[in-house]
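# A look at the structure
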Amino acid sequence: MRSLDFARDDRCIMNADAGKTKLVDSLDVERLRRDFPILDQTVYDGKALVYLDNAATSQKPEAVIDALVEYYTRYNANVHRALHYLGEQATARFEEARGKLARFIRAPSERNIAFTRGTTESINLVAYAWGRANVGKGDVILATGMEHHSNLVPWQILAREKGAELKLVPIQDDGTLDMESFASLLSSNVKLVAVTHMSNVLGTVNPVKEMAKAAHDAGALILVDAAQSVPHMAVDVAALDADFFAFSSHKMCGPTGAGVLYAREELLDAMNPFMGGGEMISKVNDDYSTWADLPYKFEAGTPNIADVIAFGVAADYLTDIGMDRIHEHEKALTAYTMARLEEIPDVRVFGHAPERGGAVSFAVGEIHPHDLSQYVDQQGIAIRAGHLCAQPLMRRLGVTAVSRASVYFYNTEDEIDRLADAVRKAQQFFGHG
Ligand code: C6P
């Protein structure tokens, strides 16, 4: 396959200085940064930390950290079963979090929200509980060439097991999906379209609403991997008409180990449980059981109580700032990041979709991304390097690995300037400048 030559898109390039004046900042970033104690530190020999690995995991504000401490210091108890004061407190706060997350993505009801360990588990839940019952020999699962392994490997396993076929929608040179191919691949055999809302490598925001309509018209369902979108933009699952929608707490200011699977109620109703055990049953006979109401049917065992509660606090925190303002800030900062990187000779940014978020992957001449990330780390700057859990996409790009800077609302242009300076220094250091 020919390697992608991601053409420079002039819409995304602006003069760095002009970019600075263009970034009309409606967020008080300096004030917000004070909510994140971890950002205010120096690393190595006194370098102020610049954290640009937000697509891997975001930092946590004090309100979220406090919620965790408060749970363990004031009302630690199991939920839905303890008939005592602490148990009632814990259950109330846990269920409050469900309501907060339902409202955050505009789900019609809390019954649509099952708590999981994160996006990966949410997708696997669908692959096992829905996929095993609904996908058979000759059926097709349609994913895309930009999926994270979490939205690919579960479908590979399912397809192998069931004799179904997994097909991938190809990617165009600007990093957008080839929508003509998508339309032609949507045959009546397609049972599920599995697509990322926003690519963790290219930043591309996919037209999932349009894809949902096309999938439904073809008689298929759609699963949206929203790991990278929900933290960065306002979403409305009902308006998108997603059947399944998966995201993680830790990328949106919440703790690790918690996530959501949203699904339409009739689908959840019809699905078998994913895991059996305590909490997910209604009645257990000697040889069979009946299932608890939604969404508890999908929450076997003691859940991740503290982290789910703090996940709800994270959703409140983001809502208080305003998802639209976060999105606007990041759009401007992403354009600035791309401009600052692309003005450096020999730097190639991957992904110039007109609709894109703040995951900016790039190559710097022949410098290996691991060497580059280690070098900039020594300057106090945290970026990620590697295949980013998207090996099929790496092959499409003609590389084995990339470097990636990914921004959040607390990042600033000064931090991007430091990244750009560090990249230039790296070129000199490695002799590619
Ligand atoms: N991407 C990144 O650095 P979990 O690990 O379950 O919270 O999320 C998995 C996942 C699923 N889909 C997308 C689009 C993702 O970006 C991720 C996580 C991180 O890009 C870690 S590999």
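Not measured: the values here are computed from a predicted model.

## Quick look at the nonpolar core
Ranked by size, the top nonpolar core spans 87 residues in total, and within it I105, F245, F247, M252, L318 and F409 carry the most contacts. With 12 residues, helix 11 (residues 305–321) is the largest single contributor of residues to this core. Two domains each provide a minimum of three residues to this core, namely domain 1 (10–34 + 322–429) and domain 2 (64–320). Within the second largest apolar cluster, 28 residues are counted, among which are L125, A129, A159 and A164.

## Focus on the packing of helix 3 (residues 62–74) against helix 11
One way to put it is that helix 3 packs onto helix 11 with a least axis distance of 9 Å and a crossing angle of 145°. When the axes of helix 3 and helix 11 are compared, the crossing they make is right-handed. Taken together, the residues of helix 11 that come into contact with helix 3 (itself represented by A63, V64, A67, L68, Y71 and Y72) are I305, A306, D307, I309, A310, V313 and A314. For the contact of helix 3 with helix 11, the class distribution of residues is 12 nonpolar, no polar and one charged.

## Quick word on the domain arrangement of the chain
Each assigned domain of the chain is listed here: domain 1 (10–34 + 322–429) and domain 2 (64–320). Between domain 1 and domain 2, the C-alpha centre-to-centre distance is 28 Å. Of the residues lining the interface, 32 residues belong to domain 1; the matching set on domain 2 comes to 31 residues. For the pair domain 1 and domain 2, the two sides together bury roughly 2400 Å², of which 59% comes from carbon and sulfur. In this assembly, domain 1 and domain 2 are joined by zero salt bridges. Counting every contact that joins domain 1 to domain 2 gives 17 residue pairs in polar contact (both at pLDDT 80 or more). For the side of domain 1 that touches domain 2, the secondary-structure elements that each account for two or more residues are helix 12 (323–342), strand 14 (359–364) and helix 14 (391–397). For the side of domain 1 that touches domain 2, the leading source of residues is helix 14, giving six residues.

## Brief notes about the sheet that holds strand 14
Pairing in this open sheet of four strands is antiparallel, and the strands run 13-14-17-16 from one edge to the other. Of all strands in the sheet, those bounded by a partner on one side alone are strand 13 (347–349) and strand 16 (384–386). Strand-to-strand twist in this sheet, taken as the mean axis angle between neighbours without regard to direction, amounts to 30°. As paired strands, strand 16 and strand 17 (residues 402–406) are joined by three bridges and run antiparallel to one another. Residue pairing across strands places G386 opposite V402, the latter belonging to strand 17. Its contacts with the sheet put helix 12 on strand 13 and strand 14, and the angle it makes with strand 14 is roughly 5°. Packing of helix 15 (residues 413–429) onto the sheet brings it into contact with strand 13, strand 14 and strand 17, and relative to strand 14 it is tilted by some 20°.

About the thresholds
- Residues numbered from 1 in each chain as written.
- Predicted model: local features only at pLDDT ≥ 70, side-chain atom pairs only at ≥ 80, totals over all residues.
- Heavy atoms only, no water.
- Core = buried A, V, L, I, M, F, W, Y, C linked by side-chain atoms within 4.5 Å.
- Buried < 20%, exposed > 50% of the residue type's maximum accessible area, 1.4 Å probe, protein only.
- Helix = DSSP H or I, 4+ residues; strand = E, 2+ residues; numbered from the N terminus.
- Domains from an automatic or database assignment.
- Axes fitted to C-alpha atoms, helices over the stretch in contact; angles between N-to-C directions.
- Left-handed = near helix turned anticlockwise from the far one by under 90°.
- Contact = heavy atoms within 4.5 Å.
- Nonpolar A, V, L, I, M, F, W, Y, C, P; charged D, E, K, R; others polar.
- Buried area = accessible area lost by both parts, 1.4 Å probe.
- Salt bridge = Lys/Arg side-chain N within 4 Å of Asp/Glu carboxyl O.
- Polar contact = N/O pair within 3.5 Å; in protein donor to acceptor, adjacent residues only side chain to side chain.
- Pairing = 2+ DSSP bridges.

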